[in-house]
Amino acid sequence: MTQHVIYPGTFDPLTNGHVDMVERAAGIFENIVIAVAKSAGKEPRFSMEERVDMCKEVFKHLKNVSVESFDGLLVEFAKTKNATLILRGLRSASDFDFEFQLAGMNKTMLPAIETVYMSASKETVAISSTIVREIAAMGGDVSAFVPPVVANHF
Ligand code: COA
């Protein structure tokens, strides 16, 4: 069966964890839309345009991956794409607790939607966008955690 999947996130910034997820998913799903969310919380470190552009640059070698932004509910964006599958990454049990809530509430709002999960690889399991931002803000080197395009943006 043909499968189109949406991979949503804030990507503030895109990390090697996200890259690992998308590269593995690109070999499984026919088509992946990376959906860059405006921001769940306060002002993001990178503007929407910067986050979209960095994703486009990093994934330009993957022909079945596209990048779009959305503002508002993920389920509304999924409807506009006729997508019924959401992909999320899991690093830990605490990720699972949050993801379980997200998936449940999304499914209540849009019963046709299913969320599938992939576990983070052991090389990327400890990476967090929040900690990357903190290291960069204190002048640290983040090149071990993010693609070069992203590291150059700090
Ligand atoms: N490896 C390493 N780290 C990973 C990873 C992986 N495979 N996958 C995710 N992460 C990390 C990120 O680095 C980030 O780190 P942090 O914990 O320091 O922030 C964290 O996991 C999650 O970031 P991200 O992947 O960008 O996703 P998010 O949690 O910001 O995304 C949305 C949340 C956008 C999906 C959600 O807020 C949403 O759907 N918003 C739209 C509004 C909406 O519909 N709300 C109702 C939902 S029910």
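Here, every reference points to the structure presented above.
Residues numbered from 1 in each chain as written. Predicted model: local features only at pLDDT ≥ 70, side-chain atom pairs only at ≥ 80, totals over all residues. Heavy atoms only, no water.

**Brief notes about the site of the ligand**
Thought 1: Around the ligand there are 23 residues in total, and Thr10, Met21, Leu74, Ser128 and Thr130 lie nearest to it.
Thought 2: Residue His18 places a side-chain N or O atom 2.9 Å away from an oxygen atom belonging to the ligand.
Thought 3: Take Leu74: an N or O atom from its main chain is 2.8 Å from an oxygen atom of the ligand.
Thought 4: Protein chains shield 81% of the accessible area of the ligand, which is 960 Å² for the free molecule.
Thought 5: Looking at the shell around the ligand residue by residue, the class counts come to eleven nonpolar, ten polar and two charged. (Near = heavy atom within 4 Å. Polar contact = N/O pair within 3.5 Å; in protein donor to acceptor, adjacent residues only side chain to side chain. Areas by Shrake-Rupley, 256 points an atom, 1.4 Å probe, with all protein chains shown as cover. Nonpolar A, V, L, I, M, F, W, Y, C, P; charged D, E, K, R; others polar.)

**A word on helix α5 (residues 129-137)**
Thought 1: Along α5, the residues that are buried comprise Ser129, Val132 and Ala136. Projected onto a plane normal to the axis of α5, the buried residues spread over an arc of 55 degrees and lie on a single side.
Thought 2: On its buried face, α5 sits against α1 (16-26).
Thought 3: Where α5 begins, one side-chain oxygen reaches toward the backbone nitrogen of Thr130, 3.2 Å away; that side chain belongs to Ser128. (Buried < 20%, exposed > 50% of the residue type's maximum accessible area, 1.4 Å probe, protein only. Helix = DSSP H or I, 4+ residues; strand = E, 2+ residues; numbered from the N terminus. Arc of directions from axis to C-beta. Contact = heavy atoms within 4.5 Å.)

**Description of the pattern of salt bridges**
Thought 1: By the definition in use, this model includes nine salt bridges.
Thought 2: The closest approach of N and O atoms between Lys60 and Glu57, which form a salt bridge, is 2.7 Å.
Thought 3: Its relative accessible area of 53% is what places Lys60 among the exposed residues.
Thought 4: Residue classification places Glu57 among the partly exposed positions, given a relative accessible area of 36%.
Thought 5: For Glu68, the salt bridge goes to Lys81, with nearest N and O atoms at 2.8 Å. (Salt bridge = Lys/Arg side-chain N within 4 Å of Asp/Glu carboxyl O.)

Limitation: the analysis is restricted to geometry and does not speak to function.
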